[in-house]
Structure formats: C-alpha cells, structure tokens
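Understanding the architecture of this molecule
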Amino acid sequence: MIKGNSINLRHVRESDLESLHGLMNDPEHRGPFTRTPIKSPVRFRNEFNANGFSSEGSELLVITSKDDRILGTIGHFTTAPYSSARELGFSVFSTKSRDQGIATEAVRLITEYLFHSFPLNRVQICMPTGHKACEQVALKNGYIKEGVVRGSIFIQGEFLDTFLYSILRQDFSETG
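Residues numbered from 1 in each chain as written. Predicted model: local features only at pLDDT ≥ 70, side-chain atom pairs only at ≥ 80, totals over all residues. Heavy atoms only, no water.

1. Quick word on the environment of Arg108
Counted only if it meets this: Numbering of helices and strands runs from the N terminus; a helix is a DSSP stretch of H or I covering at least four residues, while a strand is a stretch of E covering at least two. Only protein chains enter the calculation, and the probe is 1.4 Å; a residue is then buried if its accessible area is under 20% of its type maximum, exposed if over 50%, and partly exposed in between.
Relative to the elements of secondary structure, Arg108 occurs in helix H4 (residues 102–117). Residue Arg108 is classed as partly exposed on the basis of its relative accessible area, which comes to 30%. Residues Arg108 and Lys140, 32 residues apart in the sequence, show an inter-C-alpha distance of 8.9 Å.

2. Describing helix H5 (residues 132–140)
Here is the rule we go by: Here, the arc refers to the directions that run from the helix axis to the C-beta atoms. Should any heavy atoms of two residues lie within 4.5 Å, those residues are counted as being in contact.
Among the residues making up H5, those that are buried are Cys134, Glu135, Val137 and Ala138. Around the axis of H5, the buried residues are gathered within 155 degrees of arc, so they sit on the same side. Of the exposed residues in H5, the ones pointing more than 90 degrees away from its buried face are Lys132 and Lys140. Structurally, H5 contributes buried residues whose contacts are with strand E5 (86–92), H4, strand E6 (122–128), strand E7 (144–155) and strand E8 (158–168). Gly142 sits one or two residues past H5 and shows a positive phi near 85 degrees.

3. Some words on the nonpolar core
One recurring pattern in soluble globular proteins: nonpolar side chains tend to sit buried together. Threshold: Note on terminology: a nonpolar core comprises buried Ala, Val, Leu, Ile, Met, Phe, Trp, Tyr and Cys residues joined through side-chain atoms within 4.5 Å.
Counting residues in hydrophobic clusters, the biggest one holds 29 residues, and the most contacted among them are Leu9 and Tyr143. Counting residues per element, the ones that place at least two in this core are strand E2 (7–11), strand E3 (58–65), strand E4 (70–78), E5, H4, E6, H5 and E8. In terms of residue count, the dominant contributor to this core is H4 (eight residues). Ignoring anything within four residues of it in the chain, the contact list for Leu9 reads Met1, Ile2, Leu61, Val62, Ile63, Ile74, Ala106, Leu109 and Ile110. In terms of nonpolar packing, the next biggest core, distinct from the first, is built from eleven residues, Leu20, Phe48, Leu60 and Val62 among them.

4. A word on the sheet that holds E5
Rules: Two strands are said to pair when DSSP picks up at least two bridges between them. To get an axis, fit a line to the C-alpha atoms, keeping to the stretch in contact for a helix; angles then go from 0 to 180 degrees between the N-to-C directions.
Taken in spatial order, the eight strands line up as E1-E2-E3-E4-E5-E6-E8-E7 in an open sheet, and their pairing is mixed. Here the strands that pair on one side only, and so sit at the sheet edges, are strand E1 (2–3) and E7. Direction of pairing for E3 relative to E4: antiparallel, over a ladder of seven bridges. For Thr64, the partnering residue across the bridge sits in E4 and is Ile70. Relative to the sheet, H4 contacts E1, E2, E3, E4, E5, E6 and E8, its axis offset from that of E5 by approximately 155 degrees. Most of the contacts of H5 go to E6, to which it runs at about 160 degrees, and overall it touches E5, E6, E7 and E8.

5. Description of the confidence of the model for the protein chain
Note the cut-off: The pLDDT value expresses, per residue, how confident the predictor is, ranging between 0 and 100.
Across the protein chain, the average pLDDT comes to 91, with 94% of residues at or above 70. At the low end of the mean pLDDT range in the protein chain sits helix H2 (residues 27–30), at 67; at the high end sits E2, at 97.

6. Observations regarding unusual backbone geometry
For Phe53, which is not glycine, the phi torsion reads 60 degrees and is therefore positive. Take Phe53: it is sitting in the loop between helix H3 (41–51) and E3. In the Ramachandran plot, Asp68 falls in the positive-phi region, its phi being about 75 degrees despite a non-glycine side chain. Of note, Asp68 is situated in the loop between E3 and E4. Under the relative-accessibility criterion, Asp68 is labelled partly exposed at 31%.

See below:
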C-alpha cells in the first residue's frame, strides 16, 4: 500500500471486483474523457485472476479514502517495448470527489513510487487536449508539456489530439 496524506493507493482485491467493475463500466462514473471500452464481468475477473492487474508491463491500483472506500483508479504501463518509460492513466469516479486534489495526490504518489522502485528515467501522461482537469494535475506535479500527438486516441466516436506531458527523474528529484 502507498499511503498519502488524504488517500491511499493499493492493489485491487478480489473483494473489490464487483463494485470496481461496476464503477469502471458506468458511463456516469467514467467521465467524458475515458477511453477504455467497457469490459464484461467474465473478462474483468479473468484478467484479475491472471495477475491481479499487476504485471511487469502494467499495474492497476485503486485510489482509496483513508477508510478504504474506492475513489478511483490509477495505473502505469510501459510506453513502448524499447523504452523503460512508464505512462500513467487515472480516473476519479464520483463527480463529488473531483476537484478535491485526489488525482493530484495520486499522481504524486505513483510518480514517487515509480522513481523509487523502478530503473526508469521518464514518466508521462497523455490526455485529450480539452481535458483541462488532467492538464492541471500534470502541471501541479511538475510534469512538462512536450507537445501535441495528433489524432492519437479514440473517444466517443472520434479521434482526438492529445497533449503529452512528462517528468524525468532529474526533474522529480529537484521538485520531489
């Protein structure tokens, strides 16, 4: 478990599967910028049974309140086979829980975890160019905008451009 000031990050437990599957598949909780297709309960459970959503190439954690209520998810995955870099993906489910610093703290915690636990030099976040909240999370955590990746993600029936933000180990060491 990764403990923060107001939240914790932990691995998904089997007892989380039913509620987490419902939250991840509910359009109201997914938000307008989520690009992950919905998954069947069988596929979701099979993926969990295979590796607990944790492998060398990716890891999914739940963001929880201090009393262990699931608030969202955050994960990291390899960006390309030739690179040690990791990319982050995160979501806060309840609209009532958004704009409270939860994602900002979760990104800080996982960035720190990655730089302290893995031999990597770069962590990045890609977001649709219109996703202002995600952009603020990146900026608050010291990520630097590198540019625009054109037509790189498919959301709600259309290809969207994304901003690419990154932080290098050296940048993190100076701010972290």
